[in-house]
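# Results of the structural survey
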Amino acid sequence: MFEIIQILRAAPAPVRAEDLAQTLEVSKRTIYRDIAALQMMRTPVEGEAGIGYVLRTGYDLPPLNFDAEEIEALHVGLAMLVRTGDTELQQAAKRVSRKIKDVHAAADWLQVAPWGAPQDDPDKGCVSVALLRQAVRASQKLRISYLSNSGAMSQRVLRPLGLIYHVDTILLAAWCELRGGFRHFRTGQIHAVDVLDEAFCSEAQVLRGLWLQQEGSTYVHCV
């Protein structure tokens, strides 16, 4: 039943009983019985046989259990955030790591080299990547001062759409109003940023979808 919740929680559309049965290698009768049991336990599973099932958003799962390789993947993945230069994500990674270590053994034998993008320290004149992430999340327009590779400084108004983490840099993907198209900006070359009052919430999903179509399989997307 826990696996059913996991599948429904991640699914973008209703999931049919036969698809659940095939994924979990059980019979449809077992799926129907487990769905009924979940509903009796007030788990917000909605739907019916022949149509499919969904899990209402906002449902909190109980603490997750991970196998040994999943724990090792988490340790390495969280440790690699130190290479992004995004200090707020690094602090979040440390908090998650502490929670994992509270219930699982430490994996000190897994080490990640720290070399990568420089820290986004505002005291050193760097723009906070956390501020950029917040603008992407809120679909809030930005005005930036950007130093190009040729050394020219320009003022841009952007509709920020995403962040792309490389080993040695972070790129802000955005619709640039100056150029009238999608552009990528190295966060280390953004010398100033102002969050504007103007939002673009009604356009954000369409723009992000067009950008993702344009980029295709160029990047590894978070899942």
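Just so it is clear, the model here is predicted, and its values are computed rather than measured.

Bringing the pattern of salt bridges into the picture now. Throughout the structure, instances matching the rule amount to 9 salt bridges. A salt bridge links Lys141 to Glu177; its shortest N-O distance comes to 2.6 Å. Of the two residues, Lys141 is situated in strand E3 (residues 140-147) and Glu177 in the loop between strand E5 (170-176) and strand E6 (181-186); the sequence distance between them amounts to 36 residues. In this structure, Arg159 and Glu203 form a salt bridge, with 2.3 Å as the shortest nitrogen-oxygen distance. Remark: Glu203 occurs in helix H7 (residues 201-215) and Arg159 occurs in strand E4 (residues 153-165); sequence separation between them is 44 residues. Judged by relative accessible area, which is 17%, Arg159 ranks as buried. For Glu203, a relative accessible area of 34% puts it in the partly exposed group.

The sheet built from 5 strands is open, its strands ordered E6-E5-E4-E3-E7 with antiparallel pairing. Both outer strands of the open sheet, E6 and strand E7 (190-199), are each paired with one neighbouring strand and no more. Pairwise comparison of adjacent strand axes, ignoring direction, gives a mean angle of 45° for this sheet. In this structure, E3 lies alongside E4, joined through 6 bridges in antiparallel fashion. Paired with Arg143 across the strands is Val157, a residue of E4.

Applying the stated rule across the entire model yields 2 aromatic pairs. Look at Tyr146 and Phe185: their rings are 5.0 Å apart centre to centre, the planes differ by 85°, and that puts the pair in the edge-to-face class. Placement of Tyr146 in strand E3 and of Phe185 in strand E6 is noted, with a sequence separation of 39 residues between them. On the basis of an interplanar angle of 85° and a centroid distance of 5.2 Å, the ring pair of Trp175 and Phe182 is categorised as edge-to-face. Accessibility expressed as a relative area gives 15% for Phe182, which makes it buried.

With 6 of its 8 residues buried, E3 lies for the most part within the structure. In terms of strand pairing, E3 meets E7 through 6 bridges, oriented antiparallel. Along E7, the bridge assignment pairs Gln140 with Ala199. What sits between E3 and E4 in their antiparallel hairpin is a turn of 5 residues, with Gly151 showing a positive phi close to 95°.

About the criteria used
Residues numbered from 1 in each chain as written. Predicted model: local features only at pLDDT ≥ 70, side-chain atom pairs only at ≥ 80, totals over all residues. Heavy atoms only, no water. Salt bridge = Lys/Arg side-chain N within 4 Å of Asp/Glu carboxyl O. Helix = DSSP H or I, 4+ residues; strand = E, 2+ residues; numbered from the N terminus. Buried < 20%, exposed > 50% of the residue type's maximum accessible area, 1.4 Å probe, protein only. Pairing = 2+ DSSP bridges. Axes fitted to C-alpha atoms, helices over the stretch in contact; angles between N-to-C directions. Phe/Tyr/Trp six-rings, centres within 6.5 Å; stacked < 30°, edge-to-face > 60°.

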